[in-house]
Each structure stands twice: as C-alpha cells, then as structure tokens.
Amino acid sequence: MSMLEAAVTETSEPSPEIVTRFAPSPSGHLHLGHAYSALFAWRLANRPGGNFVLRIEDIDGGRNKAEFEDAIYEDLAWLGISWAEPVMRQSERGAAYQAALDQLSDMGLLYPCFCTRKDILAEINGSAGAPHSHSAYGPIYPGICRGVADSERTSRIDAGTPYALRLDVTKALEIAGDLTWHERTQGEQQVLAALLGDVVLARKDIATSYHLAVTIDDAAQGVTLVTRGVDLFDSTHVHRLLQDLLGLDTPEWHHTPLLTDPSGKRLAKRDNPLTLREMRANGVSGDAIWAQAIQSLARQATAVEGI
Ligand code: GLU
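Residues numbered from 1 in each chain as written. Predicted model: local features only at pLDDT ≥ 70, side-chain atom pairs only at ≥ 80, totals over all residues. Heavy atoms only, no water.

Undergrad: Break down the sheet that holds strand β7 (residues 164-167) for me, with residues and values.
TA: Paired through backbone hydrogen bonds, the strands of a sheet run either parallel or antiparallel to each other. Spatially, 3 strands are ordered β4-β7-β10 in an open sheet, and the strand pairing comes out antiparallel. With partners counted over all chains shown, the strands left at the sheet margins are β4 (110-113) and β10 (200-202), one partner each. Mean inter-strand twist for the sheet, computed between neighbouring axes without regard to direction, equals 45°. As paired strands, β7 and β10 are joined by 2 bridges and run antiparallel to one another. Each residue of the ladder has a partner; that of Arg166, found in β10, is Val200. (Pairing = 2+ DSSP bridges. Helix = DSSP H or I, 4+ residues; strand = E, 2+ residues; numbered from the N terminus. Axes fitted to C-alpha atoms, helices over the stretch in contact; angles between N-to-C directions.)

Written as structure tokens, this is what we have:
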C-alpha cells in the first residue's frame, strides 16, 4: 500500500463494532498532524456501530497543563469531532496501572532498575560498539540491573535509591511464546519485543509508563482499532506482548504517516508549528482541515514516491 493510500484508507472494511481513539498529551496546542490523527480515527468510527473515544495522556505532570487539555476539547469540537463521554484521563488511572504491575511482578517479570541515563550510555559505549544497542527510540537497555541479587535490590531500595521497574522481555517472551499482531496497512506482524529491550513499565518519577498505560487503557476503553503515527510502530510489539501477559483483548492497528512541513521536516510540538487555534484565528474553517492534511500528505507522497 502506498503512503497516500495508507493515509486515507479509512473506508476499508471496518468491523461492525469498531471503536477508535485519539490519545493526545496536553503538553502543547494541537497542530495539523494531530488534527489528521484525530479526524482519521473519528471518521473510521463515525458510522452505525462505531464509537470514538478520547483519552488525555497526562501521566507526565511536569509537562502537562490544564489549559492545553481545555484547548484539546475546543479544537476537536471546532473540527466537528464528537466523542463518547466520559473522557479517560490517565492521571486518574493509577490503581489500574498498579494492579497490572502487581500481576506482572507476581509472574516474576519485573525488576527494579537503579540506572541513570548516564550509567546506561556508559555501559553501551564501554561494550565495544555493541551493534544492536539502539532502537528507534534511543539506547536499548543493556540489562545492567537484571542480574542484581535480591538482597542488594532490597538494600538499595531501603536506602531510598530511586528505581524504575523494567520488564524482563526475554522471560516474558518465553512465557508468551510466538505472538503476532495485525497491521491494517502492512499485514501480519511477528512480535519482536526484544527490539526495544527491557522497557520501563514504571518510571522513577511516575508509577507507570507510556507502554503500560496505553496498553491497559486501550483495553479498558474497548478500542478495537488503534490508529496512531507510524513513529510508534515498534512500540506495538511491546504492547502486544503486554496484552498477552495481562490477558487483555487484542485490537488491530493502523499506523498512519506523519505530516511534515513544506521543507519535509516532521511536524513536532517542540518546533512550534502553526497550531490549529492559529489557523482558526487566520480564518481557516474546521471543515477545511481534513483536506489540508490530505493535501500535505499528497505533497509528501509525491516527494517520496516520485509520482
Ligand atoms: N499520547 C501519544 C501522543 O500524543 C499518543 C500515543 C498513542 O497513540 O499510542 O503522541
């Protein structure tokens, strides 16, 4: 499937009871890329038997602001999107995350990790150019704390050393066996969770992580088709593994292309692209936004595929 086809195939045979979601973090104002993601998911579910849910991914208290959450509701309404209430807010889901951590811990699949980022990089750099030391998201954890003795773990924890909880992916894959997941544009995928290494499931500062929270919450909201940017494709391997370990239902996935600016650079909040509210102030109508996103993807497809 070409990039442009993947971007617009929202009409291809949805299951009769499709549930899609949009899961923004309130760490800035939404831009055209978010509008595309939200509209893509909403258009898929906006049919009889369909349901579109919203989730505010606000686990990172330091980066999120209430004003951005309010702005999300306002911008989505301007786009003509309606969602099922109640909206799920991850900051209110601590008990569900803890229950999942307890379950994985009882299975012997979690270990405390005391490493700092510096420790991890030093270990990787010291191990003679380890060829598979990086994933799409950064360095792969080299397993420093995996083999720490229980007695030492206890004494470090008792001494107040901050720690994260990591998933022992090798052990987890032994329990889960061969797993697959279905990507609507790319077909059946074999789970390759080792690609990301022993991921963090509870951060030092927050008693959960993106991987854990998103997996539990998609299941809790009954999502049957997870639509999100292709930058999160590799994460899906971990989410599928977690679903299996926790006995959760498995949805399908559709990873969408990422919108870029005219120079070909990916739209990212940190670069302050034009926000939807700025577009609105400039007189753009909410109804015109889908067409703008598709035009932008078409420009990109032309550049990438030379058509
Ligand atoms: N909260 C994530 C973001 O804003 C989306 C995560 C997901 O769709 O799985 O990028």
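Undergrad: Can you tell me about the layout of surface pockets, naming the residues and giving the values?
TA: A volume near 170 Å³ is recorded for the second largest pocket. Looking at the second largest pocket, the residues that line it are His31, Leu32, Thr260, Asp261, Pro262, Leu267, Pro273, Leu274, Met279, Gln292, Ser296 and Arg299. Looking at which element gives the most residues to the lining of the second largest pocket, the answer is helix α11 (residues 289-305), with 3 residues. Each residue belonging to the lining of the second largest pocket can be placed in one class, and the counts come to 6 nonpolar, 4 polar and 2 charged. (1 Å grid on protein atoms, 1.4 Å probe; cavity = no way out; pocket = protein on both sides within 12 Å on 5 of 7 lines; lining within 4 Å. Points joined across faces, edges and corners; volume = space filled by probe spheres on them. Nonpolar A, V, L, I, M, F, W, Y, C, P; charged D, E, K, R; others polar.)

Undergrad: Summarise the site of the ligand; cite the residues concerned and give the values.
TA: All residues in the neighbourhood of the ligand are listed as Arg21, Ala23, Pro24, Ser25, Glu57, Tyr210, Val214, Arg228 and Leu232. In the model, a nitrogen atom of the ligand is placed 2.6 Å from a nitrogen or oxygen of the Glu57 side chain. A distance of 2.7 Å separates an oxygen atom of the ligand from a polar atom in the side chain of Tyr210. Out of a free accessible area of 300 Å², the ligand has 75% covered by protein chains. (Near = heavy atom within 4 Å. Polar contact = N/O pair within 3.5 Å; in protein donor to acceptor, adjacent residues only side chain to side chain. Areas by Shrake-Rupley, 256 points an atom, 1.4 Å probe, with all protein chains shown as cover.)

Undergrad: Run through the packing of aromatic side chains, naming residues and quoting values.
TA: Under the defined criterion, the tally for this structure stands at 6 aromatic pairs. Plain terms: the ring middles of Tyr36 and Trp290 are 5.7 Å apart, the flat faces sit at 25° to each other, and that makes the pair stacked. One end of the pair, Tyr36, is in helix α2 (residues 32-45); the other, Trp290, is in helix α11, with 254 residues separating them in the sequence. The burial state of Tyr36 is the same as that of Trp290; both residues are buried. An aromatic cluster of three or more residues is present, and its members are Tyr36, Phe40 and Trp290. Over the ring of Tyr141 we find Arg166, and its NZ or CZ is 3.7 Å from the ring centre. (Phe/Tyr/Trp six-rings, centres within 6.5 Å; stacked < 30°, edge-to-face > 60°. Buried < 20%, exposed > 50% of the residue type's maximum accessible area, 1.4 Å probe, protein only. Lys NZ or Arg CZ within 6 Å of the ring centre and 35° of its normal.)

Undergrad: Summarise the pattern of salt bridges; cite the residues concerned and give the values.
TA: Side-chain pairs of opposite charge can arise whenever the charged atoms involved come near each other. This model, assessed by the stated rule, comprises 19 salt bridges. Across the pair Arg89 and Glu69 runs a salt bridge whose closest N-O atoms are separated by 3.0 Å. Here Arg89, found in strand β3 (residues 84-89), pairs with Glu69, found in helix α3 (residues 66-78); they are 20 residues apart in sequence, far enough to count as distant. Note on Arg89: relative accessible area 26%, which makes it partly exposed. Across the salt bridge formed by Arg277 and Glu74, the nearest N and O atoms sit 3.1 Å from each other. Here Arg277 is found in helix α10 (residues 276-281), whereas its partner Glu74 is found in helix α3, with 203 residues between them in sequence. A residue is classified by how much of its surface remains accessible, and Arg277, at 24% relative accessible area, is partly exposed. Ionic contacts of the salt-bridge type, sharing partners, join the residues Arg21, Arg55, Glu57 and Asp218 into one network. (Salt bridge = Lys/Arg side-chain N within 4 Å of Asp/Glu carboxyl O.)

Honestly, it's all geometry; don't read function into it.
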